[in-house]
Amino acid sequence: MEFYPFMKKIIAFAFVFVLSLSSCEKDDICDPNTATTPRLVITFYDITKPSEVKNVNNLKVIGEGMTEGIVFNATATGELKYLANGSTISIPLKTNEDTTTYSFILNSTNLNPALVNTDKIQFNYTRENLFVSRACGYKTVFKLGPTDPLIHTDAASADGLWMQYVLIETDNIANENETHVKVYF
Amino acid sequence: MKHTLKYIFSFCLVFSVFLAQAQDLSQKGEPAKQTTTVKNPSDDLRFMGAIPETPKPATKPLSTDKKSDSIPVKKDRYGVRVGVDLFKLTRGLYDHDYKGIELVGDYRLSKKIYLAAEVGTEDKTTDDDLLNFTTKGSYLKMGFDYNAYQNWLDMENIISVGLRYGFSTFNQTLNHYDVYNTNPYFGEAPAVISGETFDGLTAHWVSVVTGVKAKVFNNVFVGFSLQLNGLIYNTKPTNFDNLYIPGFNRTYDGNFGVGFNYTVSYFIPIYKKRLSQVVKKFQSNEK
C-alpha cells in the first residue's frame, strides 16, 4: 500500500512525541538568577567620614532565637564562615512574620570581652507575596514600617552601642541591588 | 502518578498502533489470499474488528467471485461522527485531582475535508512543588481536518492534519503556595494558605492537530490525536498566572501547550456520494 510508510512515520512520530512529553514534566527548576525573596542589604560607613564605606571587623550576626549565625562565607570552615569583614552584608527577613530581630556582634572573635560589642536591631515591616513563576512560586517583598521601622537597642550586657547612627536608605525591600539600611560607626 | 500517566500513554499508543496496523496488514495481505478463500473486501472489514475466524480448509475450491467483482462501485459515505475522549473520561478513575470529559465530532464536507470540533469541561487540581491550584472551566475547539490517507476500496480510515481555534472560559483557585527563599536562615516557612479564586478568565489559542481514526467495526471508530497549542490571548489573574487552561492543558513557557486524546466515536451516515475517478485509481493500483 502506497500510504503505509507514511502512516508508519506518523505513528513513530506520535510515539516519540508523547514519550518526550512524559519525560519533560519535571524540568522546571527555578533559575538562580531569578529575583526571588530579597534580603535586607546593610552597608557600613565611617562615622568620621560619612561618605566613605568602612569595613567591619569579624562581625557576626545572629537572629533572635537562633544559635548559629548567618553564614557570610560559605567556603570557610568552622567559626570563620559566620564572620563578615566587608562593608556590606545581606540578611534575610522572616517571610512569615512582620518582625525580625538580629544581634550584630562586632569583633566577635576577640578574646578580650571588653572589645566584643553587641547591638540589637528589631526590623518591623509589612510583607507582600508576589507571583514569580511556576518554578519559583511566590516571593516576599518587604516595606519597612509603617511605625518604628527599626528599633536599635543595646545587648543585655550593656556594652554600649557600636552603631552610632542607623539610617534607612529606602524602606522598600524589593531587590538586593541596592542598600536598604546604612550604618555609621 | 506521573509514571502511571506515562504507562497509560504508552499503552494507548501501542493499542492504537496495533489497530492501525491490523488493518493495513489485512489489506497488504490481500493479493496473497486470492488463492484461498477471500471473496470480497467486505470480508476484510469484518476481519478488522473481530477475532479472525479459524481459517477455512484449504481444500475448498478457489472461488470465482473475485473475478466477477473486478471493479466495485466505490461510494464515499458522508455524515456526522460523534464520540468521546476515553483518556479524559478514564483519567478521573485513577487521578483524584482530575475530572473531565470531552466530546468530539466531525462532519465530512468533501472527500478529504472534515469540519471538526471538540467541546469539553475540566476540573483539575495541579500540585506543583511550590504551587497548588485548581482550574475549572469549559472549552470549545473548532476547525477542520484534512484526511491525508488514501483509502483502499470502501475503507474509511483517516490520518489527518488539521487546525483548530480554541476558546476556554475558566476560573482558578490558588489553594496554597510556598514563598521561594534562597536564604532559609530561619528554616523553611510553612506554605501559605490562600484559597483565593480568580473568576472570569478566558483564553484563545490555535492548535495544529495530527490524528488517526480507524474503523473498528460497522460505524464505530477508534482514534487518537495530538495537539500542539499556541496561546494567542488570555486574561491573566492578578498576582498569579494561567498555568493550566482547560482544553489547552499546561502552559509551557507561558504560551505553548500540548494535548492528547483517545477517542471512540460513532459515525452517523447521512448520504453517499459516488466517486467517478475511482476506476482510474483502482486500475493504477493494480499495476
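Considerations on the overall build of chain A
So, point 1. A tally of helices and strands in chain A yields one helix and eleven strands.
So, point 2. Scored against the burial criterion, the 185 residues of chain A give a buried share of 26%.

What to know about the overall build of chain B
So, point 1. Per the secondary structure count, chain B includes six helices and ten strands.
So, point 2. Across the 287 residues in chain B, those meeting the buried criterion constitute 29%.

Points about the environment of Ser265 of chain B
All names here are of chain B.
So, point 1. Relative to the helices and strands, Ser265 is located in strand β10 (residues 256-274).
So, point 2. For the pair Ser265 and Lys213, spaced 52 residues apart in sequence, the C-alpha separation works out to 9.1 Å.
So, point 3. When residues no more than four places from it in sequence are discounted, the contact partners of Ser265 are Arg81, Val82, Gly83, Val104 and Phe221.

Remarks on the sheet that holds strand β9 (residues 165-168) of chain A
Residue and element names in this part refer to chain A.
So, point 1. Strand order in the open sheet formed by four strands is β4-β1-β11-β9, with mixed pairing between adjacent strands. Edge positions in the sheet fall to β4 (88-91) and β9, since each has one partner strand and no second. Sheet twist, expressed as the mean angle between neighbouring strand axes with direction ignored, is 20 degrees.
So, point 2. Pairing geometry for strand β1 (residues 40-45) and β4, over four bridges, is antiparallel. Residue pairing across strands places Val41 opposite Ser90, the latter belonging to β4.

Some details on the confidence of the model for chain B
Residues and elements named next belong to chain B.
So, point 1. Of the residues in chain B, 70% have a pLDDT of 70 or more, and the chain-wide mean is 80.
So, point 2. Here residues 17-38 scores under 50 on pLDDT; set against residues more than four positions off or in separate chains, the count is 32 contacts.
So, point 3. For this predicted complex, the interface confidence reaches an ipTM of 0.78, while the overall pTM sits at 0.72.

Here's the deal with the sheet that holds strand β7 (residues 220-234) of chain B
Residue and element names in this part refer to chain B.
So, point 1. The sheet built from eight strands closes into a barrel, its strands ordered β1-β2-β3-β4-β5-β6-β7-β10 with antiparallel pairing. Neighbour-to-neighbour, the strand axes of this sheet turn through a mean angle of 25 degrees, independent of strand direction.
So, point 2. Two strands pair when backbone bridges link them, and strand β1 (residues 75-85) and strand β2 (residues 98-108) are joined in this way by five bridges, in the antiparallel orientation. Bridge pairing in β2 links Gly83 to Val104.

As for unusual backbone geometry
Residues and elements named next belong to chain A.
So, point 1. Residue Gly145 is joined to Pro146 through a cis peptide bond whose omega torsion reads 0 degrees.
So, point 2. In this structure, Asp148 is a non-glycine residue whose phi angle is positive, near 45 degrees.
So, point 3. As for its position among the elements, Asp148 is in the loop between β7 (137-144) and β8 (150-154).
So, point 4. On the basis of neighbour count, Asp148 is assigned to the exposed category, with 11 C-beta atoms found within 10 Å.

A look at the pairing of strand β6 (residues 192-217) of chain B
Residue and element names in this part refer to chain B.
So, point 1. Note: strand β5 (residues 158-177) against β6, 18 bridges, orientation antiparallel. Bridged to Gly162 within β6 is Val209.
So, point 2. Bridging between β6 and β7 involves 14 bridges; their strand directions are antiparallel. When the sheet's bridge partners are listed, Val209 is paired in β7 with Gln227.
So, point 3. Hairpin connection from β6 to β7: two residues lie between these consecutive antiparallel strands, with Asn218 at a positive phi of about 40 degrees.

Comments concerning the nonpolar core
One recurring pattern in soluble globular proteins is that nonpolar side chains are buried together.
So, point 1. Leu40, Ile42, Leu59, Val61 and Ile91 of chain A are the most contacted members of the largest nonpolar core, which totals 27 residues.
So, point 2. Ranked by residues supplied to this core, first place goes to β1 of chain A with four residues.
So, point 3. Apart from residues lying up to four places away in sequence, Ile42 of chain A is in contact with Thr88, Ile89, Ile91, Val181 and Val183 of chain A.
So, point 4. Core analysis: the second largest hydrophobic core is formed by ten residues, Ile159, Val222, Phe224 and Phe267 of chain B among them.

Some thoughts on the confidence of the model for chain A
So, point 1. With 86% of its residues at a pLDDT of 70 or more, chain A has an overall mean of 86.
So, point 2. Confidence drops under pLDDT 50 across residues 23-27 of chain A; counting only partners more than four residues distant or on other chains, this segment forms one contact.

Digging into the pairing of β5 of chain B
So, point 1. Note: strand β4 (residues 131-147) of chain B against β5 of chain B, 17 bridges, orientation antiparallel. Looking across to β5 of chain B, one finds that Gly143 of chain B is bridged to Arg164 of chain B.

Looking at the environment of Lys120 of chain A
Residue and element names in this part refer to chain A.
So, point 1. Its location among the elements puts Lys120 in strand β6 (residues 117-133).
So, point 2. Taking the number of C-beta atoms within 10 Å as the measure of exposure, Lys120 has 17 and is therefore partly exposed.
So, point 3. Separated by 33 residues in the primary sequence, Lys120 and Thr153 place their C-alpha atoms 5.1 Å from one another.
So, point 4. In this view, Lys120 contacts Thr101, Ser103, Thr153 and Ala155; residues no more than four positions away in its chain are not counted.

Things to note about the environment of Lys112 of chain B
Residue and element names in this part refer to chain B.
So, point 1. Residue placement: Lys112 occurs in the loop between β2 and β3 (113-127).
So, point 2. The spacing of Lys112 and Gln150 is 38 residues in sequence and 9.4 Å in space, taken between C-alpha atoms.
So, point 3. The contact partners of Lys112, leaving out residues within four places of it in the chain, are Tyr146 and Asn147.

About the thresholds
Residues numbered from 1 in each chain as written. Chains lettered and ligands numbered in written order. Predicted model: local features only at pLDDT ≥ 70, side-chain atom pairs only at ≥ 80, totals over all residues. Helix = DSSP H or I, 4+ residues; strand = E, 2+ residues; numbered from the N terminus. Buried ≥ 20, exposed ≤ 12 C-beta atoms within 10 Å, placed from the backbone. Contact = placed C-beta atoms within 7 Å. Pairing = 2+ DSSP bridges. Axes fitted to C-alpha atoms, helices over the stretch in contact; angles between N-to-C directions. pLDDT = per-residue confidence, 0-100. Core = buried A, V, L, I, M, F, W, Y, C linked by C-beta atoms within 7 Å.

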